[in-house]
Amino acid sequence: MTRATGADDAVRDDGGKRRGGFPMFSAASEDGGPHFGRFVSAMRDLQDLAVSAAPDPEVFGAAADKAEELAAMLRPYAAEEGRSPANRSIGLPGRGSLLMLPWMLTGLEPGRVTAAGVFRRYHLGGNGAAHGGVLPLLFDDIFGMVTHAQGQPVSRTAYLTVNYRNVTPLEKELTVEATVDSADGRKTYVSGRLWDGGTLLADADALMVRLQPWQP
Ligand SMILES: CCCCCCCC(=O)SCCNC(=O)CCNC(=O)[C@H](O)C(C)(C)COP(=O)(O)OP(=O)(O)OC[C@H]1O[C@@H](n2cnc3c(N)ncnc32)[C@H](O)[C@@H]1OP(=O)(O)O
């Protein structure tokens, strides 16, 4: 999904000083350059194929040669957290991070955030359905956003509970919504719902706790 990381807001949260938790990142809509989106898209295709291809063994050998060559090309440019365009490219699905689901924000306002996207072959659990472990990833990310949109950017997830109501299909456009249900001092209680059209696939709730200045 696309959004700036919360760290930028952590700075604003304390009048320009870092305040607990997140280092000082900023959105990077441009600094990946004109090819970064295409690179991430190709890498996502590779992720799908890495978990689905069943070629002759020598094809894996040739693919491994190319993968090692690509890694060698990029390794000299490995940068510390917050410097890569990955996770900061707010115009790209999943902010350009391969860890994040390739979803896009569709709405962001205080108390409510929505997003849409697909689970891909890479996210397969079994029998055509998404792996149960990727749903908490989706909810955790959007819960961070809705907490941020509520004005509590320097918060971390204390707990997150997912109820799986129906199997989640792959390669089908789905929607997710997160809302703030209540707030109590440092605590923000949030909930979310994942939909396939009018069918509820999963719901979740979580407690986000605002960090103290000394907390990582
Ligand atoms: C904008 C960017 C947002 C990004 C968000 C991304 C979300 C993430 O994935 S963060 C990564 C996953 N989460 C973590 O790693 C968090 C690890 N845990 C921690 O750091 C700490 O346990 C932390 C900060 C959550 C709470 O620690 P601490 O501040 O010491 O809590 P503590 O003072 O004991 O509790 C604060 C309140 O929360 C409550 N609380 C804390 N944990 C829980 C819990 N698991 N269940 C229920 N209540 C809890 C306490 O009861 C207390 O309530 P009250 O004030 O009413 O007495």
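Everything quoted here is computed from the prediction, not taken from an experiment.

1. Overview of the pattern of salt bridges
Point 1. For the structure on display, the rule yields 8 salt bridges.
Point 2. In this structure, Arg165 and Asp203 form a salt bridge, with 2.7 Å as the shortest nitrogen-oxygen distance. Of the two residues, Arg165 is situated in the loop between β5 (155–164) and β6 (174–184) and Asp203 in strand β8 (residues 199–210); the sequence distance between them amounts to 38 residues.
Point 3. Judged by its relative accessible area of 47%, Arg165 falls in the partly exposed class.
Point 4. In this structure, the salt-bridge partner of Asp184 is Lys187, at a minimum N-O distance of 3.8 Å.
Point 5. When its relative accessible area of 46% is taken as the criterion, Asp184 is described as partly exposed.
Point 6. Each of Asp45, Asp48 and Arg120 takes part in salt bridges that share partners, so that together they form one network.

2. Re the UniProt feature "domain: Thioesterase" (unreviewed entry) in the chain
Point 1. UniProt's feature table lists "domain: Thioesterase" (unreviewed entry) at residues 127–199, given in the numbering used throughout.
Point 2. With 22% helix and 47% strand, residues 127–199 has end C-alpha atoms that lie 19 Å from one another.

3. Some remarks on the site of the ligand
Point 1. The environment of the ligand is formed by 18 residues, the closest being Asp140, Thr157, Arg186, Lys187 and Gln215.
Point 2. Note that a nitrogen atom of the ligand is positioned 3.4 Å from one of the backbone N or O atoms of Ala158.
Point 3. A distance of 2.5 Å is found between an oxygen atom of the ligand and a side-chain nitrogen or oxygen belonging to Arg186.
Point 4. About the coverage of the ligand: the protein hides 52% of its 1200 Å² of free accessible area.
Point 5. Elements represented by at least two residues in the shell around the ligand include exactly α4 (134–149), β5 and β8.
Point 6. Examining the composition of the shell around the ligand, we find that 5 residues originate from one element, β5, more than from any other.

4. Describing the sheet that holds strand β1 (residues 104–109)
Point 1. Pairing is antiparallel in the open sheet, where 6 strands are placed in the order β1-β2-β6-β7-β8-β5. Every other strand in the sheet has two partners, leaving β1 and β5 as the edge strands with one partner each. Between one strand and the next, the sheet's axes are offset by a mean angle of 15 degrees, whatever the strand orientation.
Point 2. Relative to strand β2 (residues 112–117), β1 runs antiparallel, the two being bridged by 5 bridges. Within β2, the residue paired with Leu105 across the bridge is Ala115.
Point 3. Contacting β1, β2, β5, β6, β7 (187–196) and β8, α4 crosses the sheet at an angle of about 130 degrees to β7.

Calculation rules
- Residues numbered from 1 in each chain as written.
- Predicted model: local features only at pLDDT ≥ 70, side-chain atom pairs only at ≥ 80, totals over all residues.
- Heavy atoms only, no water.
- Salt bridge = Lys/Arg side-chain N within 4 Å of Asp/Glu carboxyl O.
- Helix = DSSP H or I, 4+ residues; strand = E, 2+ residues; numbered from the N terminus.
- Buried < 20%, exposed > 50% of the residue type's maximum accessible area, 1.4 Å probe, protein only.
- UniProt positions renumbered as here; feature names shortened; annotations may be inferred.
- Near = heavy atom within 4 Å.
- Polar contact = N/O pair within 3.5 Å; in protein donor to acceptor, adjacent residues only side chain to side chain.
- Areas by Shrake-Rupley, 256 points an atom, 1.4 Å probe, with all protein chains shown as cover.
- Pairing = 2+ DSSP bridges.
- Axes fitted to C-alpha atoms, helices over the stretch in contact; angles between N-to-C directions.
- Contact = heavy atoms within 4.5 Å.

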